[in-house]
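# Structural description and commentary
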Amino acid sequence: MRATTLETSTALEPVLARALLFQMKRIRFVEEEIARRYPEGLMRCPTHLSIGQEAVAAAVGAVLRRDDLAVGTHRAHAHYLGKGGSLRAMLAEIYGKVTGCSRGRGGSMHLIDLDVGFEGSTAIVGNSIPIGVGLALAAQLRGTDQVSCVFVGDGAIEEGVFYEAANFAVVRRLPVVFLCENNLYSVYSPLSVRQPPGRSIHGLAAAVGLATDHGDGNDVDEVYVKTAAAVGRVRAGEGPCFLEYATYRWREHCGPNYDNDIGYRTEAEYLAWRERDPVMLYERKLVAAGVFTEAGIDVMQVEIEQEVSDAFRFAEDSPFPEPAEAFEHVYC
Amino acid sequence: MTVSGEPRVPRTLTYAEAVNDALHVAMASDPSVICYGLGVDDPKTIFGTTKGLQTRFGDQRVFDMPTAEAAMTGVAIGAALGGMRPVMVHQRLDFFLLAMDQLVNGAAKWHYMFGGQRSVPITIRLILGRGWGQGPTHSQSLHAWFAHIPGLKVVMPTNPEDAKGLLLASIFDPNPVLFLEHRWLHNTMGSVPEGDYRIPLGKARQLREGDAVTIVSMSYMTVEALHAVDHLRQSDVHCDLLDLRTVSPLDWDAVFASVRRTGRLLVLDTAAETGSIAGEIAARAAIECWTLLKSAPQRIAMPDIPEPTSFGLTRGLHPRAEHIVAAVAALVGKQIGVDELVARRTVPHDVPGDWFKGPF
C-alpha cells in the first residue's frame, strides 16, 4: 500500500476511542507500578518497560481479532496486554510465581496467553520473527483467515533472519503483519551508527517485497486507522505487510530508571518526545472533541488502579513453584 | 509399536528408500505433516529420500525453500505451534549451523519456557558427510552439541529398518527431533517392513552378543563395528555390540547392563573426541560401574582436528574396523591380526563402496 491519504485526525467511534484510551492508560499505569515497585527486589528478572510506546500496542491490539496470532519481543508487556493477555498472569510471571503465564519459567521476557492468541514473546532480538511467519504458514495451510502479527523493533531489522523470514512471507503470500516500533535505539546504539543516513526502515522492507506503511506511533488514532487498513488487506489474501511507527522509550533500556544522564542520548531529545506523550495527547484530543470530560478520565483512572492493584496483590500472594518443578516439562 | 493395521511385509530396501518410505507413510496418514528443504523436489530428491512426495502430496505440503536456514527453522517452529508437523531436511548438517538460534533458543526451549503449554513437534533431517573431499565444512558430526541441549532429541539410525521406524517415531514425537543420516549409509540394504511402525526413541539395539567387551556405537561406526566384531569372533573373542540408535535420550540401562556383564567398554563415535558422546558414555560407565570394570573404558573417535579435503590428507584419518579390533585385542590382552580384514576392503579409503562416485 502507499502512504495513506486517510484523514486520521478525525476521532474514531466513541466506544473505540474509549477502549484505546483505556488500554493506553492501563498499560502506562501497569508499567509505572512495575517501575515504582521494582526496587523492592521482588521482581527478580530483566524487565523492559514500554512507557512512551503505549499507542502502538493499544491500537494494534484493538485491530486484531481475538483469534488472530501475535508474537513479541523482550519488550512485550504492552503487546501482550494490548492483545488481551491476562494482567494477573503477566505480573505473577514477573514475580516468578506458579500462577504466572509461564509458571515462572520465563519472566518478563517470555509472555504467553493462548486464550487470546498471544503465542509467545522471546528474548533474543529477531528470534520470534520467523516463528510468527510459521504461524501464518499454518493458518494458510489450514485455510483459516487468521492474521499473524510479528512485533519487532528497529534493532531486529538488522538481523538477517528478518530478511529471510520476510522474503518467505512474500514468496508464499502469507497472512503476516510485521509491526515495527522504531524507538531509535537498539539498547544504547542509535540508528546513526547502525544505518546509513537517509535510509528508512520501511524502505528496506519494501525492497523485500512487503507492502508498507508508516506513521506517527504516538498518535493512537493514526496507528489504528493505518493498521486496520493493512490488516484488512492481509486478511483478504493480498500478502504480508510491514508497518513502521515512530515512537520513543522513555525509561532505560532494561530496568525501572531514567538514563538520559549516561550519555547515549540527550535530555532535550527525551523532553521533546515527552511533549508528545501518546496518552496525554489522546486525553486532550478526546476532551476537546467532547468524547470525555476530565472527570470521566478520572473515573477511568480509578478503575485501572483498582484492577492493577488487585493484580499486584494476586502476584505477590501467589506461591512460588516448588523447586522440583524446574525439572518438569523439559520434554513433552 | 505398530500403529496401523497394515501388514508388515518385509522387503529389501536401501536406507535412502526406507527414509523415503517413512515420509510417504507419515504424509499419507496425517495431513498435518509437511516436508520442506532445499532441493526436496529437485531431480535428485535429496539422494532419493524425498522422491515422489510432491507429486503425491502437492506443492503446499512438499516444497523447496529459500536459502534461509535460520528463518525456515523458525517457520517450522511457528508452523508446529499452529498445528503442523514439519519435517525439514538439510543435505549436510553443516548448513544447518546457520539456524542455531532458532534451534537452541526456540525449538528446544519453547515447551519448557512457557510452562509446558505448547510443544514443538518438528523433525530436522541432517545428513553427515564423510570422505570424497567433503572437507572441513561438509563432514561434521555434531550430535554431541545437540544432545547437550535439554529439550532436543537426537536420532542416529544405522540400518534401513531402524531408519524408517525411527523417522516415523520422530515425526510423531511431540518434541523437536534431530534425525542424523550418515551419507555412507544411504545405499546400505536391509529388510524393511511395510506400513506404519514406530521404534521408540531412546532404545539401543543389541546387534551382537558376547561377554568379552561391550562395544557401544552409533550410525556409520556401527558398520565398521560389525566387521570388527565378526572378525574377532574368529579369534574366539565375542563382543556385545550395542547400536545406540538415539543419542538423546540415550539408553543408559542397556549400556550399564552390558558393561556390568562384560566389565570392559569400548565406545565408538563419528565425532571429534573431545566433548563427545563417547566421552560421556565412558565417564558415566566409569561412575556407575566402577567396581565391575576390569579395565579403563576406551573410546575411538575422530581426532580433534577439522576434517581435511585432500585424498592424501584423509588416508588413515577415519577409524575403521581394524582399529576397533586392535582396541578390543588390547582390552582382552590378545594378539589378533587384522591383515585379512584390511585386505577384504577393495575400494579407496574415501568412499563407502563402488556405488559412490561423488560429488557429495
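For clarity, every value in this text was computed on a predicted model and none was experimentally measured.

Within the largest apolar cluster, 161 residues are counted, with the highest numbers of intra-cluster contacts made by A:Ile34, A:Met90, A:Leu91, A:Phe178, B:Phe146 and B:Ile281. Counting residues per element, this core draws most heavily on helix H1 (residues 14–37) of chain A, at 10 residues. Mapping this core onto the domain boundaries places at least three of its residues in each of domain 1 (11–192) and domain 2 (205–343) of chain B. Among residues more than four places away in sequence, those in contact with A:Met90 are A:Val30, A:Ile34, A:His77, A:Tyr80, A:Leu81 and A:Leu111. B:Leu13, B:Leu167, B:Val177 and B:Phe179 belong to the second-largest nonpolar core, a separate cluster that totals 37 residues.

The next subject is the interface of chain A and chain B. On the chain B side, the residues contacting the 38 residues of chain A number 41 residues. Buried surface at the junction of chain A and chain B, summed over both partners, amounts to about 3,200 Å²; 66% is from carbon and sulfur atoms. Ranking the residues of chain A by area buried against chain B places A:Ile131, A:Tyr331 and A:Cys332 at the top, with a combined share of 19%. On the surface where chain A and chain B come into contact, there are one salt bridge. Notably, a salt bridge pairs B:Arg118 with A:Glu119, separated by 2.7 Å at the nearest N-O pair. The interface formed by chain A and chain B includes 16 residue pairs in polar contact (both at pLDDT 80 or more).

Attention shifts here to the domain arrangement of chain B. Residue and element names in this part refer to chain B. Taken domain by domain, chain B comprises domain 1 (11–192) and domain 2 (205–343). Each of domain 1 and domain 2 has a C-alpha centre, and the two are 27 Å apart. Contacts between domain 1 and domain 2 engage 25 residues on the former and 27 residues on the latter. A buried area of about 2,100 Å², summed over both sides, lies between domain 1 and domain 2, and 56% of it is on carbon and sulfur atoms. The largest contributions to the domain 1 side of the interface with domain 2 come from Arg-130, Met-156 and Thr-158, which together make up 26% of the buried area.

Calculation rules
- Residues numbered from 1 in each chain as written.
- Chains lettered and ligands numbered in written order.
- Predicted model: local features only at pLDDT ≥ 70, side-chain atom pairs only at ≥ 80, totals over all residues.
- Heavy atoms only, no water.
- Core = buried A, V, L, I, M, F, W, Y, C linked by side-chain atoms within 4.5 Å.
- Buried < 20%, exposed > 50% of the residue type's maximum accessible area, 1.4 Å probe, protein only.
- Helix = DSSP H or I, 4+ residues; strand = E, 2+ residues; numbered from the N terminus.
- Domains from an automatic or database assignment.
- Contact = heavy atoms within 4.5 Å.
- Buried area = accessible area lost by both parts, 1.4 Å probe.
- Salt bridge = Lys/Arg side-chain N within 4 Å of Asp/Glu carboxyl O.
- Polar contact = N/O pair within 3.5 Å; in protein donor to acceptor, adjacent residues only side chain to side chain.

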